[in-house]
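Below, each chain spelled out in residue letters.
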Amino acid sequence: METIEKLTDRESQVAERIAWGASQKEVAFDLGISRSTVDNTLRKIYQKLRIGKINELSAWWFCTHFNISFELSPLKKSLIACSLLCLFVYSDFLQHDEQYCRYRSRCRRVEVQERRVRD
């Protein structure tokens, strides 16, 4: 938990959104900052946590926020990973609100394609 205290409020906001699967563009839109600010903030997070990939950031975020020990057996890690994946897929399946940019962009593409077909 001590690494959480090292992150600033903005870094924590960016880390949480990235851990939940948002793109840098979506994070920038959601927080009202530029994409380059998100990129710079991610670099600082990676440096502070001594990690280098988004999947490592996601694993760190979920382990620290759900009090999952990093010293688990491979079987326990797999079970927890499967549980979190099921939870994520289930919540994503139930929530089809227009909160995320990826949903809007997909809907927008369909609308544009439909207009082209009509014209």
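The structure this text deals with has already been given above.
What comes next concerns the included structure.

Cut-off values and rules
Residues numbered from 1 in each chain as written. Predicted model: local features only at pLDDT ≥ 70, side-chain atom pairs only at ≥ 80, totals over all residues. Heavy atoms only, no water. Axes fitted to C-alpha atoms, helices over the stretch in contact; angles between N-to-C directions. Helix = DSSP H or I, 4+ residues; strand = E, 2+ residues; numbered from the N terminus. Parallel < 35°, antiparallel > 145°, perpendicular 65-115°, else oblique. Left-handed = near helix turned anticlockwise from the far one by under 90°. Contact = heavy atoms within 4.5 Å. Nonpolar A, V, L, I, M, F, W, Y, C, P; charged D, E, K, R; others polar. Salt bridge = Lys/Arg side-chain N within 4 Å of Asp/Glu carboxyl O. Buried < 20%, exposed > 50% of the residue type's maximum accessible area, 1.4 Å probe, protein only. Phe/Tyr/Trp six-rings, centres within 6.5 Å; stacked < 30°, edge-to-face > 60°.

### Topic: the packing of helix α3 (residues 24-31) against helix α4 (residues 35-49)
Piece 1. In contact at an axis separation of 8 Å, α3 and α4 are set at 110 degrees when each is read in the N-to-C sense. Classified by the angle their axes make, α3 and α4 are roughly perpendicular. Note that α3 runs across α4; the crossing there is right-handed. When α3 is examined against α4, the residues Q24, K25, V27 and A28 are found in contact with a partner set consisting of R35, V38, D39 and L42.
Piece 2. Residues that form the contact of α3 with α4 fall into these classes: four nonpolar, one polar and three charged.

### Some details on the pattern of salt bridges
Piece 1. Within the structure shown, the criterion is met by three salt bridges.
Piece 2. E11 serves as the salt-bridge partner of K48, at 2.8 Å between the closest nitrogen and oxygen. Placement of the pair is K48 in helix α4 and E11 in helix α2 (residues 9-19), with a sequence separation of 37 residues.
Piece 3. The partner of R43 in a salt bridge is D39, and the shortest N-O contact between them spans 2.6 Å. Here R43 pairs with D39, and both are found in helix α4, just four residues apart, close to one helical turn.
Piece 4. Given the relative accessible area of 22%, D39 is considered partly exposed.

### Notes on the packing of α2 against helix α5 (residues 54-65)
Piece 1. One can describe the packing of α2 onto α5 by two numbers: an axis separation of 9 Å at closest approach and a directional angle of 105 degrees. By the angle class used here, α2 and α5 are roughly perpendicular. Contacts between α2 and α5 involve A15, E16, I18 and A19 from the former and I54, L57, S58, W61 and F62 from the latter.
Piece 2. Of the residues belonging to the contact of α2 with α5, the class tally is seven nonpolar, one polar and one charged.

### Re the packing of aromatic side chains
Piece 1. Here the structure, examined in full by the defined rule, presents five aromatic pairs.
Piece 2. A centroid spacing of 5.0 Å and a plane angle of 75 degrees characterise the contact between W20 and F62, whose relative ring orientation is edge-to-face. You can see W20 sitting in the loop between α2 and α3 and its partner F62 sitting in helix α5, a full 42 residues away along the chain.
Piece 3. Take F62: its relative accessible area is 14%, and that puts it in the buried class.
Piece 4. Ring plane angle 90 degrees and centroid distance 5.1 Å describe the contact between W61 and F62, whose orientation is recorded as edge-to-face.
Piece 5. The buried category is assigned to W61, whose relative accessible area is 7%.
Piece 6. These aromatic residues form a ring-pair network of at least three members: W20, W61, F62 and F66.

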